[in-house]
Amino acid sequence: GNSVTQMEGPVTLSEEAFLTINCTYTATGYPSLFWYVQYPGEGLQLLLKATKADDKGSNKGFEATYRKETTSFHLEKGSVQVSDSAVYFCALSKVTGGGNKLTFGTGTQLKVEL
Amino acid sequence: GAVVSQHPSWVICKSGTSVKIECRSLDFQATTMFWYRQFPKQSLMLMATSNEGSKATYEQGVEKDKFLINHASLTLSTLTVTSAHPEDSSFYICSARDPLREVSNEQFFGPGTRLTVL
């Protein structure tokens, strides 16, 4: 079945540091890949997405490239801010016999300190 | 566009009572909505897929008689937690697909409902 593996957190960084959150997936075919962000007490917000191999999703300084050869979709940001502190979820979506479902990773908490 | 709302945002109830949570797509028609449950510091667990005008499809291990889902219109799905108990306390999140954005299979999420059962 489909699965998503994320690096465990929490990840603690100083402001302006470089961020990488690793995400790898297992799925047949070509799923769509997503990064969602969840701020404290809130629901999930789509951060970025990629629908095919070699696509790069980007938003708010965050980037992730769909790597079919390594089945990865690592999230990166060159310079994090305190306001980026949140939980980040990697997810994939693939149409199955049961319909279109999202499979989430376990989430990685990011803490950015001054 | 593609905004999903939930109501209430939080609710506290007594053990044994039932609680209804609403999920609405505000600016699109959602033929399919999803209900998730999130435990503290954990990922989202899909509970069921709600299709407009038909019965919901529940994931394995989710009690359909306890978590009643109704998707009566293209913009509204409801989740009713019946005879709630403290172990049902959780963060419940709904999402919806916009059929006009099928290519990416993207889901749009509501802000969540915090349920606390005393």
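Cut-off values and rules
- Residues numbered from 1 in each chain as written.
- Chains lettered and ligands numbered in written order.
- Predicted model: local features only at pLDDT ≥ 70, side-chain atom pairs only at ≥ 80, totals over all residues.
- Heavy atoms only, no water.
- Phe/Tyr/Trp six-rings, centres within 6.5 Å; stacked < 30°, edge-to-face > 60°.
- Helix = DSSP H or I, 4+ residues; strand = E, 2+ residues; numbered from the N terminus.
- Buried < 20%, exposed > 50% of the residue type's maximum accessible area, 1.4 Å probe, protein only.
- Lys NZ or Arg CZ within 6 Å of the ring centre and 35° of its normal.
- Contact = heavy atoms within 4.5 Å.
- Buried area = accessible area lost by both parts, 1.4 Å probe.
- Salt bridge = Lys/Arg side-chain N within 4 Å of Asp/Glu carboxyl O.
- Polar contact = N/O pair within 3.5 Å; in protein donor to acceptor, adjacent residues only side chain to side chain.
- Nonpolar A, V, L, I, M, F, W, Y, C, P; charged D, E, K, R; others polar.
- 1 Å grid on protein atoms, 1.4 Å probe; cavity = no way out; pocket = protein on both sides within 12 Å on 5 of 7 lines; lining within 4 Å.
- Points joined across faces, edges and corners; volume = space filled by probe spheres on them.
- Pairing = 2+ DSSP bridges.
- Axes fitted to C-alpha atoms, helices over the stretch in contact; angles between N-to-C directions.

Q: Residue-level account of the packing of aromatic side chains, with values.
A: The tally for this structure, following the rule as stated, stands at 11 aromatic pairs over all chains. Arranged with centres 6.4 Å apart and planes meeting at 45°, the rings of F67(B) and Y92(B) form a pair that is tilted. Taken as a pair, F67(B) in strand β7 (residues 67-73) and Y92(B) in strand β9 (residues 90-97) lie far apart in primary sequence, 25 residues in all. F67(B) gets classed as buried once you look at its relative accessible area, which sits at 6%. For Y92(B), a relative accessible area of 0% gives the class buried. Put simply, the rings of F34(A), Y36(A), F89(A), F104(A), Y36(B) and F109(B) touch in pairs and so form one group of aromatic residues. Positioned above the aromatic ring of Y30(A), the side-chain terminus of K68(A) is 4.3 Å from the ring centre.

Q: Summarise the interface of chain B and chain A; cite the residues concerned and give the values.
A: Listed by partner, the interface residues are 19 residues for chain B and 20 residues for chain A. Summed over both sides, the interface between chain B and chain A buries roughly 1,600 Å², with carbon and sulfur atoms accounting for 52% of that surface. Taken together, chain B and chain A are joined by 1 salt bridge. Across the pair E59(B) and K101(A) runs a salt bridge, and its minimum N-O distance is 2.9 Å. Linking chain B with chain A are 5 residue pairs in polar contact (both at pLDDT 80 or more). Elements with a contribution of two residues or more to the side of chain B that touches chain A: β4 (32-38), β5 (44-51) and β9 of chain B. Partitioned by chemical class, the residues of the side of chain B that touches chain A number 9 nonpolar, 7 polar and 3 charged.

Q: Go over the layout of surface pockets with me, naming the residues and quoting the values.
A: Of the voids in this model, the largest pocket is the one considered here, and its volume is about 550 Å³. Taken together, 25 residues make up the lining of the largest pocket; nearest its centre are Q38(A), V87(A), P40(B), K41(B) and Q42(B). For the lining of the largest pocket, the secondary-structure elements that each account for two or more residues are β10 (86-96) and β12 (108-113) of chain A. Considered as a void within the structure, the second largest pocket measures approximately 280 Å³ in volume. Lining the second largest pocket are 13 residues, and of these L102(A), T103(A), L44(B), L46(B) and E59(B) lie nearest its centre. The set of elements that each furnish at least two residues to the lining of the second largest pocket consists of β10 and β11 (99-104) of chain A together with β5 of chain B.

Q: Help me get a handle on the side chain of S95(B), residues and values and all.
A: Residue and element names in this part refer to chain B. You can see S95 is positioned in strand β9. S95 sits in the buried class, given a relative accessible area of 0%. In this view, S95 contacts T32, M33, F34, Y36, Q107, F108 and F109; residues no more than four positions away in its chain are not counted.

Q: Tell me about the sheet that holds strand β7 (residues 56-59) of chain A, and please be specific about residues and values.
A: Through backbone hydrogen bonds, the strands of a sheet pair up, either in parallel or in antiparallel fashion. Residues and elements named next belong to chain A. Taken in spatial order, the 4 strands line up as β3-β9-β8-β7 in an open sheet, and their pairing is antiparallel. With one partner strand each, in any of the chains shown, β3 (19-21) and β7 form the two edges of the open sheet. Taken pair by pair, the neighbouring strands of this sheet meet at an average axis angle of 15°, ignoring direction. As defined by bridge partners, strand β8 (residues 62-65) adjoins strand β9 (residues 75-77) across 3 bridges and the pair is classed as antiparallel. Each residue of the ladder has a partner; that of A64, found in β9, is L75.

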